[in-house]
Amino acid sequence: RSSPGGARAAYTRPPPTETPEQRAAREERQRKYREANPMPEDLDDSFGSLFGDVLRGVGKVLNDLDRDTKLEDWLSYVETS
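Residues numbered from 1 in each chain as written. Predicted model: local features only at pLDDT ≥ 70, side-chain atom pairs only at ≥ 80, totals over all residues. Heavy atoms only, no water.

A. Region of interest: a nonpolar patch on the surface. Taken together, the side chains of V54, V58, L71, W74, L75, Y77 and V78 make up a nonpolar region of the molecular surface, amounting to roughly 630 Å² of accessible area. Elements that contribute at least two residues to the nonpolar patch include exactly α3 (47-64) and α4 (70-80). Residue placement: V78 occurs in helix α4. According to the relative accessible area criterion, V78 is partly exposed, its value standing at 41%. (Patch = residues over 30% accessible without salt bridge, like charges linked within 9 Å, V, L, I, M, F, W, Y side chains within 5 Å. Areas by Shrake-Rupley, 256 points an atom, 1.4 Å probe, with all protein chains shown as cover. Salt bridge = Lys/Arg side-chain N within 4 Å of Asp/Glu carboxyl O. Helix = DSSP H or I, 4+ residues; strand = E, 2+ residues; numbered from the N terminus. Buried < 20%, exposed > 50% of the residue type's maximum accessible area, 1.4 Å probe, protein only.)

Following this line, the structure appears as C-alpha cells:
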C-alpha cells in the first residue's frame, strides 16, 4: 500500500537470527511509524464514514426541529441555499 505522503514500508520477514530484543525494537519502530503515518482505515476516514457523519448530522438537525414544520423548514432551507 502507499499513501499520499509517501510509500508505506513493506513488511519484511525478520532475519532468522533476530533476538527477542531486536524483534521488540523492530515492532516498536513499526508502531511509531504507523502512529506518525496513519492510513485512512486507521482513522476511520473512508468516504462511507464521512458520508455517514453528514447524514447523522442532517438527521440530528431534522430531529431537533419541531415535528410539524420539520420537512417544510428543511426544504425551505435547501431551496434558499
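B. Inspection of the pattern of salt bridges at higher detail. Taken as a whole, this structure holds five salt bridges when the rule is applied. As a salt-bridge pair, E18 and R26 come within 3.0 Å of each other at their nearest N and O atoms. Note on R26: relative accessible area 13%, which makes it buried. The shortest N-O distance in the salt bridge between E28 and R31 comes to 2.4 Å. Residue E28 and its partner R31 are both found in helix α1 (residues 20-36); the two are separated by three residues, about one turn of the helix. Judged by relative accessible area, E28 falls into the partly exposed class, the value being 32%. By relative accessible area, R31 is classed as partly exposed at 39%. It is possible to trace a salt-bridge network through shared partners that takes in E28, R31 and E35.

On their own, these measurements won't tell you what the molecule is for.
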